[in-house]
Amino acid sequence: MTNQADGLLLAIESSCDETAAAVVDRRLTILSNIVSSQSELHRRFGGVVPEIASRAHVRRIIPAVDEALRTAGVRLDQLTAIAVTSRPGLVGSLLVGLTAAKTLAMALDIPLVDVSHVEAHLYACRMSAGRNIFPAIGLVVSGGHTLLYDCESAVDFKLLGSTIDDAAGEAFDKGAKLLGLGYPGGPAIQTAAPLGDSAAVRFPRPLIDAPNLDFSFSGLKTALLYEINGSSRGGTVSQVLSKSRVCDLAASFQEAIVDVLVAKCRLALARSRHAVLCVGGGVAANGRLREKLTEMAGVTGTELILAPPALCTDNAAMAALAWELIDREIFASLDLDVTPGLLRPKKRVAT
Ligand code: KG4
Ligand code: ZN
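Thresholds, definitions, all that
Along each chain, the written sequence defines residue order, and numbers are assigned to residues from 1. Lettering for chains starts from A, numbering for ligands starts from 1, and both go in the order in which the items are written. Per-residue local features of the predicted model are confined to residues with pLDDT of at least 70, and side-chain atom pairs are confined, for both listing and counting, to 80 or more; whole-chain, interface and lining totals are unaffected and use all residues. The basis for every side-chain value is the complete set of non-hydrogen atoms in the structure, without hydrogens or water. Buried residues are those whose accessible area, probed at 1.4 Å on protein chains only, stays under 20% of the maximum for their type, while exposed residues exceed 50% and partly exposed ones sit between those limits. Numbering of helices and strands runs from the N terminus; a helix is a DSSP stretch of H or I covering at least four residues, while a strand is a stretch of E covering at least two. In this description, the arc belongs to the directions extending from the helix axis to the C-beta atoms. Throughout the structure description, domain borders are defined by an automatic or database domain assignment. Only heavy atoms matter for contacts: two residues are in contact if any of them lie within 4.5 Å across the pair. In this description, buried area is defined as the sum, over both parts, of the accessible area (probe of 1.4 Å) that is lost when the two are combined. Should a side-chain nitrogen of Lys or Arg be within 4 Å of a carboxyl oxygen of Asp or Glu, the pair is scored as a salt bridge. Polar contacts here mean pairs of N or O atoms no more than 3.5 Å apart (in protein, one a potential hydrogen donor and the other a potential acceptor; neighbouring residues in sequence count only if both atoms are side-chain atoms). Because water is not among the atoms used, a metal site may look incomplete, as its donors are only the N, O and S atoms within 2.8 Å, or 3.2 Å for Na, K and Ca.

What about helix 5 (residues 168-178)?
Among the residues making up helix 5, those that are buried are A168, G169, A171, F172, G175 and A176. For helix 5, the arc enclosing every buried residue in end-on projection is 155°, short of the 170-degree limit, so these residues lie on one face. Positive backbone phi, at 70°, marks G180, one or two positions downstream of helix 5.

Spelled out as C-alpha cells, the structure:
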C-alpha cells in the first residue's frame, strides 16, 4: 500500500510514437504504466511518420492520463508533481506531452519536472535494481539513439560516444524492411533469427576495432541490401529468397549489430573505473544482445543491469527519474520548450 505522504508522480511521455502516462510513487513503485502504441498507424510506412504521430498523441494523451490515474487509484488532487519528457524526440510529438503536463501542473499548482528521454531509458535500470547503481557506464540503444555514457549519478551524464549515422534500432527497422519482416523491425528480426544460422553471412562489424566509442550502422544495412540483391533477379524478397535464407540473413544481421554493441561496451568499461554497466532503450529488449552482454559481463567481472523488457521500449514510468531532480530541487518553469536534440539550448542572455 502506498503511503501518500511519500509523494505521487504523474509522468507523461510522448517523444516518438507511444503515448504514455504512468503513476510512480516516491519509492519508485510503479502504480500504473499505460502505453498506447501507434505501431499500427506507422506500420505501412515502415517507420514513424511525425505528423501522424503528433495527431495521434493529441487524440490519445488525455485518455492515457485518465487511465493511468484510474489504474493507480489516484486522484489528480493527490499528485505531488508532474514529470514530462521534454527532449530529445519529434518536436510535434514532444509538444503534445509537454502541453498536457504544463496544463496539469498549472491547474493543480504543483511542480513540473522535465526529463531527458534517453536518461530516463537508463533510469529504468535503476528502477529495476531497487537501489543506486551509479556510477556506471550506460548504453542507450533505441530507434533514435545509440549512446554510450559515463553516468556519474542518475542526473550527471557525460557522453562518451554515439552513432555517426543510423541508430541500432533504426538498423533493425531498416534491415527488417529489406527482409520483408515487418515493423517494428527489432522484434521481427529477433523472432526470425533463432530459425536461421548467425554464421551464414559474415556481415561487417562497423568501427568495431576503431579506438573510439562511436558507432556506425548504415553500411551494415547496405551490406544486407547487396546480399539480398545478389540473390535476386528482380521481384520481392519473398519471391527471391527462401524463408530459411531470410532467417539466416536476419540471424547474421542481428549478430553483427550485437557484436558491435557488446565490443563498444567492453571498451568503455575498460577505459573507465566503473564496474557497472546499465543498458536501456528498445533494442535492450533484444534477447541475443542480453545474452552476449551477460557473457561479456561474466568474463570482465562487470555488474550488468539490464532494463526489464517491459521498461525497455518507450514508457512513462521511467520518467520517474524526475524524483532525482525533485530531490535536487531542479524544477521546470512553465515557459519550458521542447528540444529535438539531446541537449537543451543554452539560455540567451540579453545584451
Ligand atoms: O526506445 P524505443 O521504444 O523508442 C525510441 O526511443 O526510439 O525503441 C524502439 C526501437 C525500434 O527501433 C525497435 O525496432 C527496437 O527498439 N526494438 C528492438 C526490440 N524491441 C524493440 N530491437 C531489437 N530487438 C528487440 N527485441
Ligand atoms: Zn525511447
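Quick look at the domain arrangement of the chain
Domains assigned within the chain are domain 1 (8-122 + 312-327) and domain 2 (135-309). Each of domain 1 and domain 2 was reduced to a C-alpha centroid, and the two centroids are 27 Å apart. Domain 1 puts 18 residues into the contact, and the matching count from domain 2 is 25 residues. Taken together, the two surfaces of domain 1 and domain 2 that pack against each other cover about 1,500 Å², and 70% of this comes from carbon and sulfur. Per-residue buried area on domain 1 facing domain 2 is highest for V118, L122 and C312; these three make up 44% of the total on that side. At the junction of domain 1 and domain 2, the tally comes to 0 salt bridges. Across the contact surface, domain 1 and domain 2 share 5 residue pairs in polar contact (both at pLDDT 80 or more). Taken together, the elements giving at least two residues each to the side of domain 1 that touches domain 2 come down to helix 1 (39-42), helix 4 (117-129) and helix 11 (322-327).

Remarks on the coordination of the zinc ion (ligand 2)
Coordination sphere of the zinc ion (ligand 2), protein contribution only: H117 (NE2), H121 (NE2) and D314 (OD), at 2.0 to 2.1 Å. On the primary sequence, the residues serving as donors to the zinc ion (ligand 2) are separated as H-x3-H-x192-D. Residue H121 is found in helix 4, and its partner D314 is found in the loop between strand 10 (303-306) and helix 11; the two are separated by 193 residues along the sequence. Residue classification places H121 among the buried positions, given a relative accessible area of 0%.

Remarks on the pattern of salt bridges
Inspection of the entire model under this criterion finds 17 salt bridges. The closest approach of N and O atoms between R288 and E255, which form a salt bridge, is 2.8 Å. Here the residue R288 occupies a position in helix 10 (residues 287-300), and E255 occupies one in helix 9 (residues 243-271), the gap between them amounting to 33 residues. Overall, R288 belongs to the partly exposed group, its relative accessible area being 23%. We note a salt bridge from D259 to K292, for which the minimum N-O separation is 2.6 Å. Here D259 is found in helix 9, whereas its partner K292 is found in helix 10, with 33 residues between them in sequence. What makes D259 buried here is its relative accessible area of 17%. A network of salt bridges, in which partner residues are shared, links R205, E255, D259, R288, E291 and K292.

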